[in-house]
Amino acid sequence: MNENIPSGPEAKDALDAVRNSQQNILVEYTPPIWLRFTMSASYAAIFFGYGMTEHENNWALAIIVGTLLFALSCTLYFYLYRLQGIKIRLFPRSKTAEKINLYATFGFAGLGFCSRFLRTEFGIDWAPYFCALAACIAMFWLLVKLPTGEVMVEDK
Amino acid sequence: MPELDPVIHAPNRLRICAMLVTSAELDFKLIKTQLDVSDSVLSKQLKALEDIGYIETKKRNHNGRPRTWISLTDKGQSAFESHVSALQNIINTS
């Protein structure tokens, strides 16, 4: 291979080809935006319902409806990808994607905890609204930036 | 120091690996469309990657039609990452 080492511009072209191929896969075949919004909104409904629930009031229904809608939209998301010929990995393989998923898990757990704790213990009534909105935005961002759960090769 | 992988370095094989990294499995037809090559050309490229253990192919039926799914193995994933790092090193040192 030593005699065939590419020059700088050739290496750059090769990396550009890698990025373009990944970009095409991630952009062209992404499920519709309304589905990603439904996933984010139903996910937020779970956080909001959890933060507002007291004993057995109506907000518990928001958790149930949110969970059902989230499960249904996730299933549709996976199915649409599969129909187009892409099977999504449930647990990412690249280290960067693993890190992002780990941060997201802790972040969502923190939002879920704060959503309820801040309202019940400190009387901050807007906490569930804020946490649900934050969860919705974070989930939507993840679905836009990492639609298949994996990251692209980046410029260094 | 990561080294260039001669098997992955071929343009079509590099693009195949790049696409496979983004998901668990990809359909043969999808890769063919993306590369804009014939069945035989793609099969030949896939065979080269499969022989060295970088990818796996599985045939499954979907609605009565056979579909070929291709996935990157752990060996293929690390070879691809190493190859990309080597390319980035070349760019940084040039």
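Since the model is a prediction, treat every value here as computed from it, not as a measurement.

(A) Seen up close, the overall build of chain B. From N to C terminus, chain B includes five helices and three strands. Traced from its N-terminal end to its C-terminal end, chain B shows the element sequence α-α-β-α-α-β-β-α. Dimensions along the principal axes, computed over C-alpha positions, put chain B at roughly 50 × 25 × 20 Å. Going through the 94 residues of chain B one by one, you find that 50% of them count as buried. In chain B, the proportion of contacts linking residues at least 24 apart, taken out of those at least 6 apart, comes to 55%. Only carbon and sulfur atoms are counted for the fraction: they give 50% of the accessible area of chain B, which is about 4600 Å².

(B) Up close: unusual backbone geometry. Backbone geometry at Asp36(B) places phi at a positive 60°, although glycine is not the residue there. You can see Asp36(B) is positioned in the loop between α3 (28–35) and α4 (39–51).

(C) Focus on the pairing of strand β3 (residues 65–72) of chain B. Residue and element names in this part refer to chain B. Burial analysis of β3 places six of its eight residues in the buried class, the great majority of the element. Relative to β3, strand β1 (residues 25–27) runs antiparallel, the two sharing two bridges. Paired with Leu26 across the two strands is Ile70, which belongs to β3. Of the pairings in the sheet, the one linking strand β2 (residues 55–62) to β3 comprises eight bridges and is antiparallel in character. Note that in β3 the partner of Asn61 across the bridge is Pro66. In this antiparallel pair of consecutive strands, β2 and β3, the connection spans two residues, and Asn63 shows a positive phi of 50°.

Each value, and the rule that gives it
Note that residues are indexed from 1 along each chain, following the sequence as it is written. Written order determines the labels here, with chains lettered from A and ligands numbered from 1. This being a predicted model, a pLDDT of at least 70 is required before a residue's local features are given, and a value of 80 or more before pairs of side-chain atoms are given or counted; all residues contribute to the totals for chains, interfaces and linings. Derived side-chain values reflect all non-hydrogen atoms in the structure, with water molecules and hydrogen atoms excluded from consideration. In this description a helix means any DSSP run of H or I spanning at least four residues, a strand means any run of E spanning at least two, and both kinds are numbered starting from the N terminus. Relative accessibility thresholds used throughout: buried, under 20% of the residue-type maximum; exposed, over 50%; partly exposed, between the two (1.4 Å probe, protein chains only). Here a residue-residue contact requires only that any non-hydrogen atoms of the pair lie within 4.5 Å. Only the protein chains shown count as covering a residue, and every accessible area follows the Shrake-Rupley method with a 1.4 Å probe. By the convention used here, strands pair only if DSSP detects at least 2 bridges between them.

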